[in-house]
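Geometric and topological summary
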Amino acid sequence: MFVTFEGLDGSGKSTQARLLAEALAAEGRDVVATREPGGTEVGELIRELLLGPRNVAPWAEAALFAAARGQLVEEVIAPALARGADVVCDRYIDSSLAYQGIARGLGVDRVLELNVNAISGILPDRTYLLVVDAEEAARRRGDPGDRIEREEDGFRQRVAEAYQELAAAFPQRIVTIDGTRPAGEIGREVLDELRQHS
Ligand code: ADP
Ligand code: TYD
């Protein structure tokens, strides 16, 4: 199984990715947990470029996220899936569709096309979208965040709406989860949903 978590920064993605990876590993499954945009040496370098102080043009930003993702697929995700491991990833293609495709206005189809090539067509089996409102996400995160998170408030709101649009467009794959409940409760819901699906 290839499972991804999506949502605003502060929505609880890394917490849930960790809980799911731990739960699957406790069942004796081979689990690879990774995150975007990093997880590889090249990816971490691209992440520094992307989240640093420099101005990055919208298509350059989309291409760099796709490049980091392509590297992660080639080095980590594809080999893990090929040997039969489960892969749990904190952010994946839907982040680019929401942030670059919708919130930055580049177009979902065009950003999808760019990414599908970069990731050799490897899409998640299941994607959990953690929904908390923009204020709660910012409160949880605490610090002002990276270059993309420091965008004006309207941007985060657009990202939140973008994720709802994606959930409606891909209902077979994207499962919307109320992210405001305690982390353990959400973790159990995710595990139950995944069991029903697999
Ligand atoms: P993300 O990876 O989406 O940025 P994190 O998992 O790092 O989010 O969580 C952001 C902050 O919110 C952390 O301090 C974390 O402990 C806290 N947190 C995570 N899940 C919950 C939850 N369900 N309820 C309240 N706080 C949470
Ligand atoms: P992330 O590494 O998830 O942040 P953190 O570890 O602080 O939770 O993501 C960094 C930022 O990059 C975040 O603001 C979302 C943004 N992002 C995109 O705009 N497009 C993408 O494809 C990805 C993966 C992230």
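A few points on the structure. Within each chain, residue numbers correspond to sequence positions counted from 1 in written order. Naming scheme: in the order in which they are written, chains are lettered from A and ligands are numbered from 1. Per-residue local features of the predicted model are confined to residues with pLDDT of at least 70, and side-chain atom pairs are confined, for both listing and counting, to 80 or more; whole-chain, interface and lining totals are unaffected and use all residues. Only heavy atoms go into the side-chain values, all of them from the structure, while hydrogens and water stay out.

Some points on the nonpolar core
Note the following rule: Here the nonpolar core consists of buried residues drawn from Ala, Val, Leu, Ile, Met, Phe, Trp, Tyr and Cys, with membership extended through side-chain atoms lying within 4.5 Å. Remark: exposure states derive from per-residue accessible area (1.4 Å probe, protein chains only) relative to the maximum for the residue type, with buried under 20%, exposed over 50%, and partly exposed in between. Elements are defined by DSSP. Helices are runs of H or I of four residues or more, strands are runs of E of two residues or more, and each kind is numbered from the N terminus. A contact between two residues is defined here by any heavy atoms of the two lying within 4.5 Å.
Of all hydrophobic cores here, the largest spans 39 residues; its most connected members are L8, I77, Y92, Y99, V159 and Y163. Looking at this core, the elements that each hand over two or more residues are α2 (41–51), α3 (58–82), β3 (86–90), α4 (93–103), α6 (134–141) and α7 (153–169). Counting residues per element, this core draws most heavily on α3, at eight residues. Among residues more than four places away in sequence, those in contact with Y163 are E6, G7, L8, R91, D94, S95, A98, Y99 and L129. Counting 14 residues, the second-largest nonpolar core is a separate cluster that includes A17, V88, V175 and I186.

Considerations on the pattern of salt bridges
For clarity, the threshold we go by: The rule for a salt bridge is simple: a side-chain nitrogen of Lys or Arg has to be within 4 Å of a carboxyl oxygen of Asp or Glu.
Going through the model one piece at a time under the given rule, you end up with 16 salt bridges. Close ionic contact of R18 with E22 constitutes a salt bridge, the shortest N to O distance being 3.5 Å. Highlighted residues: R18 and E22, both in helix α1 (residues 13–26), separated by four residues, approximately one helical turn. For R18, a relative accessible area of 44% gives the class partly exposed. Look at E22 and you get partly exposed, because its relative accessible area is 43%. A salt bridge links E185 to R181; the nearest nitrogen and oxygen atoms lie 3.3 Å apart. You can call R181 partly exposed: its relative accessible area is 24%. Among the charged side chains, a salt-bridge network with shared partners connects D178, R181, E185 and E189.

Read these as spatial facts, not as claims about activity.
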